[in-house]
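Read off the chains here:
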Amino acid sequence: MALRIDPVRPDTVPLWREVHNLVIPAHQLSLDEVRERSERNRLTLAHDGGTLVGNATIRPPGPDSRTATVIVRILPRYRRQGLGTQYLDAQLADARALGAERIETVVLAANRDGLEFARRHGFVEFDRYTLDGDDAEYVDLYLT
């Protein structure tokens, strides 16, 4: 079955937030933070049939950059079924349509599934860091 990908609307912000906060427990977002992100990024939700399976963020290239960041999050119970690959492929196509020549992603270092997925799909690590006042480590990767 093909994944259905929908842009986040004001009434679906809570669903996007729920997926984000389940996949990234170290960085919980408020509804206001998600609303703010939706103004500068492309946020989407992925459904398999009628079931919500994940969300994604595309940070489009800026005026002086050809780099986009693509982050795909699949809920743990729906991983290893090909849904993440379908979702990533669609988001990469969207990022390229926005003018991206380089594509990066960021994964919580503790998310072993996410790191394995990114590496399996051609992403290579180039940086690790923590956010100010936070102990969680993040990994930046780029698509080769």
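Structure shown above.
This text gives an overview of the structure that appears in the document. Only a predicted model underlies this, so the values are computations on that prediction, with no experimental measurement involved. Within any chain, residue numbers begin from 1 and follow the written order of that chain's sequence. Since the coordinates come from a predicted model, pLDDT governs what is reported: local features require at least 70, and pairs of side-chain atoms require 80 or more to be given and counted, while whole-chain, interface and lining totals use all residues. Side-chain measures were taken over the full set of non-hydrogen atoms in the model, leaving aside hydrogen atoms and water.

This next bit is on the packing of aromatic side chains. A pair of aromatic rings is counted whenever rings of Phe, Tyr or Trp (Trp by its six-membered ring) have centres within 6.5 Å, and the orientation is called stacked for planes under 30 degrees apart, edge-to-face for over 60 and tilted otherwise. A complete count under the given rule lists two aromatic pairs for this structure. Pairing Phe126 with Tyr142 gives two aromatic rings, centres 6.0 Å apart and planes at 55 degrees, and the pair type is tilted. Taken together, the residues span a long stretch of sequence, with Phe126 in strand S6 (residues 123-130) and Tyr142 in strand S7 (residues 137-143) at a distance of 16 residues. Only protein chains enter the calculation, and the probe is 1.4 Å; a residue is then buried if its accessible area is under 20% of its type maximum, exposed if over 50%, and partly exposed in between. Among the residues examined, Phe126 registers a relative accessible area of 37% and is labelled partly exposed. Using a relative accessible area of 26% as the deciding quantity, one classes Tyr142 as partly exposed. For the pair Tyr129 and Tyr138, a centre-to-centre distance of 5.9 Å together with 25 degrees between the ring planes defines the contact as stacked. The numbering of helices and of strands both runs from the N terminus, where a helix is a DSSP run of H or I of at least 4 residues and a strand a run of E of at least 2.

Right, let's talk about unusual backbone geometry for a bit. Unusually for a residue other than glycine, Arg80 sits at a positive phi of about 60 degrees. With a relative accessible area of 63%, Arg80 lands in the exposed category.

Moving on to the side chain of Asn41. By the secondary structure assignment, Asn41 is in the loop between helix H2 (31-40) and strand S2 (42-48). For Asn41, a relative accessible area of 11% translates into the label buried. When checking whether two residues touch, look at their non-hydrogen atoms; a contact exists if any pair is within 4.5 Å. Setting aside chain neighbours within four positions, we find Asn41 in contact with Thr57, Ile58, Arg59 and Pro60.

A few words now on the sheet that holds S6. One requirement defines pairing of two strands: DSSP has to find at least two bridges between them. Pairing in this open sheet of seven strands is mixed, and the strands run S1-S2-S3-S4-S5-S7-S6 from one edge to the other. Edge positions in the sheet fall to strand S1 (4-7) and S6, since each of these pairs with one other strand and no more. Within the sheet, the average angular offset between the axes of one strand and its neighbour, ignoring direction, is 25 degrees. The sheet contact formed by strand S5 (residues 102-108) and S7 spans five bridges and is antiparallel. Bridge pairing in S7 links Val107 to Val139. To obtain an axis, a line is fitted to C-alpha atoms, over the contacting stretch when the element is a helix, and the angle between two such axes runs from 0 to 180 degrees between their N-to-C directions. Where helix H4 (residues 112-120) meets the sheet, its contacts fall on S5, S6 and S7, and the angle it forms with S5 comes to roughly 160 degrees.

Moving on: helix H3 (residues 83-97). The terminal C-alpha atoms of H3, which comprises 15 residues, lie 21 Å apart, in line with the 21 Å expected from a rise of 1.5 Å per residue. Of all the positions in H3, only Leu83, Gly84, Tyr87, Leu88, Gln91, Leu92 and Ala95 are classed as buried. Along the long axis of H3, the arc covered by the buried residues comes to 155 degrees, so they all point the same way. Positive phi shows up at Gly99, right after H3, with a value of about 105 degrees. Expected helix span is computed as 1.5 Å times (number of residues minus one). Starting at the helix axis, one direction is taken to each C-beta atom, and the arc is that of these directions.

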